[in-house]
Amino acid sequence: MNETPRSSGPFRAGDRVQLTGPKGRMNTITLEPGKQFHSHRGVLAHDDIIGLPDGSVVTNNAGVEHLALRPLLTDFVMSMPRGAAIVYPKDAAQIVALADIFPGATVVEAGVGSGALSLWLLRAIGPEGRLLSFERREEFAEVARANGATFLGADPQNWTLTVGDLQDALPAAVEPGTVDRVVLDMLAPWETLDVVTEALKPGGVVICYVATVTQLSRVAEAIRASGHFTHPQSNETMVRGWHVEGLAVRPDHRMIAHTGFLITARRLAPGTVLPELKRRPSKSDYSDADVEAWTPGALGERQSSPKSLRKRMREATASADLAKTRDAEADGNADADEDAPGVG
């Protein structure tokens, strides 16, 4: 069974299609025979889209034209069902680049959320790589699994999604010194540094995605204090679009500004003592009161309501079932074509 989404060819039942209306409004649908897409500007039959090539323009019953395209991974993660907030594409791209996620790598991810970052990591490591993801909440893991199956058309064989705490589950999942990269998207990544240190190869990369300055400071000091990593490097990414039409060239009125901080460090060889940086004295010490203010309880964690999570789980599971059925039928048709007698 395929583990990559079909990226070209005519639209078929089970495909996700992004419809863009005349005013630029986008809607993503999953094609089902006999179904219809309804908007305030008319009705568009799914059957009118099935069989058309990617990049076609279709007209609804009111004469309104829509551009039909297969969604890119960026489009998919922004429109898929969410159990938790996602890592935005701008940050996912930086994580792949800064952590140097490469084909064939063994990557550990903690804090799966809705599975957006998992999809980027799976694409980067390729079929020969291995992704081990850990998520504490079963309902988030279920949404992530379904989103992965929806986009990929199957449950990837090189993706292991474990429900549990990284500190408890990682030592049993990997041998010491066998992991190339660790990606931490969690409230208190500093609490996991011991098991991360044990799992990483010398020279391996740990990258943490945190939302607040207090988290950033706490994890940076924990990395320094461990003595097992290079000096941490921190940054944030902001994306500003531009309006370009003829001579009207200007920045967009809105931009994607702060979503989170990224902090990276590399694992030192056992027994290595990192030379201290020569820098001016600064007020970098912190007290017990400061540490208390940095605890997960003080930082707070946004929770989705049970009703909202159940809805997201139903949506994600339904999309995954459609995608799996589509690919199973496609594989069956391909096998039938191979077994058919040739025409002389």
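Heads up: the structure comes first, above all this text.
Residues numbered from 1 in each chain as written. Predicted model: local features only at pLDDT ≥ 70, side-chain atom pairs only at ≥ 80, totals over all residues. Heavy atoms only, no water.

**Student:** Break down the packing of helix α3 (residues 116–125) against helix α4 (residues 138–152) for me, citing the residues and quoting the values.
**Tutor:** The description of two helices packed together rests on the angle between their axes and the distance between the axes. Relative to each other, α3 and α4 sit at 50°, their axes nearing to 10 Å. Judged by the angle between their axes, α3 and α4 are oblique. As for how α3 packs across α4, the hand of that crossing is right-handed. Taking contact as the criterion, the partners of L119, L122 and R123 in α3 are, on α4, N147, G148, F151 and L152. (Axes fitted to C-alpha atoms, helices over the stretch in contact; angles between N-to-C directions. Helix = DSSP H or I, 4+ residues; strand = E, 2+ residues; numbered from the N terminus. Parallel < 35°, antiparallel > 145°, perpendicular 65-115°, else oblique. Left-handed = near helix turned anticlockwise from the far one by under 90°. Contact = heavy atoms within 4.5 Å.)

**Student:** Go over a positive patch on the surface, please, and point to the residues and values.
**Tutor:** Positive charge collects at one region of the surface, where K307, R310, K311 and R314 lie side by side. Residue position: R310 is located in helix α10 (residues 306–339). (Patch = residues over 30% accessible without salt bridge, like charges linked within 9 Å, V, L, I, M, F, W, Y side chains within 5 Å. Areas by Shrake-Rupley, 256 points an atom, 1.4 Å probe, with all protein chains shown as cover. Salt bridge = Lys/Arg side-chain N within 4 Å of Asp/Glu carboxyl O. Lys, Arg positive; Asp, Glu negative; His and termini not counted. Charge placed at Lys NZ, Arg CZ, Asp CG, Glu CD.)

**Student:** Kindly report on unusual backbone geometry, identifying the contributing residues and their values.
**Tutor:** The phi dihedral of D100 falls on the positive side, at around 55°, and the residue is not glycine. Mapped onto the elements, D100 comes out in the loop between α2 (89–98) and β7 (106–110). The class of D100 is partly exposed, set by a relative accessible area of 44%. (Buried < 20%, exposed > 50% of the residue type's maximum accessible area, 1.4 Å probe, protein only.)

**Student:** Got a sec to walk through the packing of α2 against α3? Specific residues and values, please.
**Tutor:** Packing of α2 against α3 leaves a shortest axis separation of 10 Å and a crossing angle of 35°. Of the two elements, α2 crosses α3, and the hand of that crossing is right-handed. Across from P89, A92, I95 and V96 in α2, the residues of α3 making contact are L117, W120 and A124.

**Student:** Can you break down the sheet that holds strand β10 (residues 179–184) residue by residue, with the values?
**Tutor:** Taken in spatial order, the 7 strands make up an open sheet running β9-β8-β7-β10-β11-β15-β12, and their pairing is mixed. Among the strands making up the open sheet, the edge pair consists of β9 (159–163) and β12 (233–236). Taken pair by pair, the neighbouring strands of this sheet meet at an average axis angle of 15°, ignoring direction. In the sheet, β7 pairs with β10 via 4 bridges, with the strands oriented parallel. Of the residues in β10, the one forming a bridge with V108 is V182. Across the sheet, α2 lies against β10, β11 (200–210), β12 and β15 (261–266), angled at about 10° from β15, the strand it touches most. Along the sheet face, helix α5 (residues 166–173) touches β7, β8 (130–135), β9 and β10 and points at about 150° away from the line of β8. (Pairing = 2+ DSSP bridges.)

**Student:** Account for the pattern of salt bridges, with residues named and values stated.
**Tutor:** Here the structure, examined in full by the defined rule, presents 10 salt bridges. The partner of R70 in a salt bridge is D15, and the shortest N-O contact between them spans 2.9 Å. Pair noted here: R70 is in the loop between β6 (65–69) and α1 (73–79) and D15 is in the segment before β1 (16–20), with a separation of 55 residues, a long-range link. Overall, D15 belongs to the buried group, its relative accessible area being 2%.

**Student:** Which residues make up α4, and what are the values?
**Tutor:** Taking 1.5 Å as the rise per residue, α4 with 15 residues should run 21 Å; its terminal C-alpha atoms sit 21 Å apart, in good agreement. Burial of α4 is extensive: 11 of the 15 residues sit out of reach of the surface. Every buried residue of α4 is accounted for by F140, A141, V143, A144, A146, N147, G148, A149, T150, F151 and L152. A positive phi of about 80° marks G153, the residue just after α4. (Expected span 1.5 Å × (residues − 1).)

**Student:** Give a description of the nonpolar core that names residues and reports values.
**Tutor:** Counting residues in each nonpolar core, the largest one holds 33 residues, and the members touching the most others are V77 and V107. Contributing elements (two or more residues each) for this core: α1, α2, α3, α4, β9 and β11. For this core, the leading source of residues is α3, giving 8 residues. Sequence-distant contacts of V77, that is, excluding residues within four places in its chain, are made with R82, I86, P89, A116, L119 and W120. Of all hydrophobic cores here, the second largest spans 30 residues; its members include V108, A110, W190 and I223. (Core = buried A, V, L, I, M, F, W, Y, C linked by side-chain atoms within 4.5 Å.)

**Student:** Describe the sheet that holds strand β5 (residues 56–59), with residues and values.
**Tutor:** Spatial ordering of the open sheet is given by β2-β1-β6-β5, a layout of 4 strands whose pairing is antiparallel. Among the strands making up the open sheet, the edge pair consists of β2 (26–30) and β5. The mean angle between the axes of side-by-side strands here comes to 35°, regardless of whether they run parallel or antiparallel. In this structure, β1 lies alongside β6, joined through 3 bridges in antiparallel fashion. By the bridge assignment, Q18 is partnered in β6 with L69.

The values reported here are purely geometric and, on their own, carry no functional implication.
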